[in-house]
Amino acid sequence: MKTQYRGLVALVILVVLTLITGCTGTGASAQPEDGTPKSGGTLKFSMSGDPLCLDGHAISSGLNQFLGRIAYDTVTTLDRDGNPAPYLAESWKISDDGKTYTFTLREGVTFSDGEPWDAEAFKINLEHMRDPRTKSPLAAAYIAPYDDATVIDDRTLEVRLAYPYTPFTYVLAQSWLGMLSPKAIKESPETLCDQPIASGPFVVESYQRNSKIVYTKRTGYDWAPDWLEHDGEAYLDRIEIDIVPEPVVRYNALISGQYQLTDLVPAQNAQALAGNPDFRFENLTRTGHPNAVWFNLSRAPFDDLRVRRAFVAAVDVPAIAQAVGFGFSPVKDNYLASNSKYYDKTAEGVLRYDPDLANRLLDQAGWTERDADGYRTKGGKRLSVALPTTESATPSPQLVQIQGQVKAAGIELRIEQLPQAQVTERRYSGDYDLTSGYWHTNTTDVLYIRYHSSEITGERIGQNASYLSDPKLDQLLERARRTPDGPAAEKLYHQAQHRLVELVPALPLWEANAQWAYSTKLRGVAVDTSHPQPVLTGAWLAGQ
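Below, the structure is looked at part by part. In this numbering scheme, every chain counts its residues from 1 along its sequence in written order. Where totals are concerned, whole chains, interfaces and linings use all residues; where local detail is concerned, this predicted model gives features only for residues with pLDDT of at least 70, and gives and counts side-chain atom pairs only at 80 or more. No hydrogens and no water enter the side-chain calculation; it runs on all heavy atoms of the structure.

Moving on, we get to the pattern of salt bridges. Any carboxyl oxygen of Asp or Glu that lies within 4 Å of a side-chain nitrogen of Lys or Arg is treated as forming a salt bridge with it. Here the structure, examined in full by the defined rule, presents 32 salt bridges. Its salt-bridge partner being Lys217, residue Glu233 comes within 3.9 Å of it at the nearest N-O pair. With a gap of 16 residues between them, Glu233 in the loop between strand S12 (212-217) and strand S13 (238-243) and Lys217 in strand S12 connect regions that are remote in the sequence. Accessibility expressed as a relative area gives 30% for Glu233, which makes it partly exposed. Type-normalised accessible area, obtained with a 1.4 Å probe on protein chains alone, sets the label of each residue: buried when under 20%, exposed when over 50%, and partly exposed for intermediate values. In this structure Lys217 comes out as partly exposed when scored by relative accessible area, which is 23%. Residue Arg306 is joined to Asp304 by a salt bridge in which the shortest nitrogen-to-oxygen separation is 3.0 Å. For Asp304, a relative accessible area of 17% corresponds to the buried category. Residues participating in the shared-partner salt-bridge network are Lys44, Glu205, Lys212, Arg238, Glu240 and Asp242. Secondary structure elements are defined from DSSP: runs of H or I of at least 4 residues count as helices, runs of E of at least 2 residues count as strands, and each element is numbered from the N terminus.

Okay, here's the thing in structure tokens:
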């Protein structure tokens, strides 16, 4: 999704122009007359943050949703209908027991160092994802059922799973699971974060942390996925990405023409930009888990369901969405994005703002006294919880508003701004009461990744940040990922969604929309089928 930096997602202000799947700004119709693609030119792109590493196997940064499509190819892709389709794999067969996948690979593909794409390269990449030395916070989880693989011949790899895993060909389409040069993995893995060698349409020329990423066109590239409808090399010669954390600076620089593409348009400027005929504005819902504040159930006070339910009931999410999203943030009251496969609308409406209920539940939980500052106490101890977050000039406005609202119920929320490294360390060690963010993936198996007990961090970095361990939910999610797509899988995922509403592992906020804008001088921009982000393989600049 898709935007945790090494495990913790920074919660961002997301502006949404429709309540479900987003919209395109009115500037979309204002295209110059000349529509013939032209080769050459440099695209200037301002990006909101630094992914900290360009090796998708080693990060979980949401920025890799579009960065990965610049330099990487994936084994599979999703077609326009959202179904797994060929990419670097020409085809595949699945055994009757669902545990063996035999992939036939595309011929003629090479990595930018000249190494061939073949069965051995595929196997080495799978091993790199799960290698503990890679410290993968995401790719390793997505291929966790992977057992081993056998090279049948150069074009054929037999992959064996520990159990049937229907999401397998979906997750292989995600940009975090892009293929790297087998030579680089074997001989210089320490260089992959700064100088990944892949097979995609562009090559990393340079990467300066917290400053700039430069890509150049890959000569001879000719294996884009079918849905992209693009043959041959990319049109652009270069893509220069500047890291510009300040939203207003990115917006003004886009309007002035300094950049042709930017992400995370400020909420207060989105409406104006959407109505500007010189620009196109995209605001698209990510599948997966919506924005939320997760509770750490492994320790007090959130090991008590009554306290979790009280916290949720104390927060007026619609009011916060209005204040920080300027009326365009689609509120969520459950744990799956509304455009995800098998989404169940009947799981809506249970979790809601109810301050009277919040107070009753806290009384029932024994937090009946108040101290001089108005916070609830029990046995002389204040009801106080901490949320570590990445330091910035000011705390995020939504967290500040949550802080004020739960105070009315007698809960002290401490927002602890820390360096990213400390936030990551505390996330992996479980040293927090709450953590915030979203989790984007192209499969409903996101519920397993976020809430199955096996995904609690142990020997492998897990993404069950709530430390939820519920045997009933575990069984539902295990059965769901083993079940082929269809009515049986739908029933299991519906039951899992209802179970999560009962367990309340997090405070749901709003959809995790991908938001980006670009000049109408930039043509041929496609929207990725796995991630609602720009794909620049067929993009070109008019007026060159």
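Moving on, we get to the sheet that holds strand S22 (residues 434-440). Should DSSP find at least two bridges between two strands, the strands are regarded as paired. Taken in spatial order, the 3 strands make up an open sheet running S22-S16-S23, and their pairing is antiparallel. The open sheet has two edge strands, S22 and strand S23 (506-508), and neither has a second partner. Between one strand and the next, the sheet's axes are offset by a mean angle of 30°, whatever the strand orientation. Strand direction decides the pairing type here: strand S16 (residues 288-295) and S22, joined by 6 bridges, are antiparallel. To define axes, lines are fitted to C-alpha atoms, for helices over the stretch in contact only, and angles between the resulting N-to-C directions are given on a 0 to 180 degree scale.

Reading across from one edge, S17-S18-S19 is the order of the 3 strands in this open sheet, with antiparallel pairing throughout. Edge positions in the sheet fall to strand S17 (369-370) and strand S19 (381-382), since each of these pairs with one other strand and no more. One ladder, built from 2 bridges, connects S17 with strand S18 (residues 376-378); its direction is antiparallel. Note that in S18 the partner of Glu369 across the bridge is Thr377.

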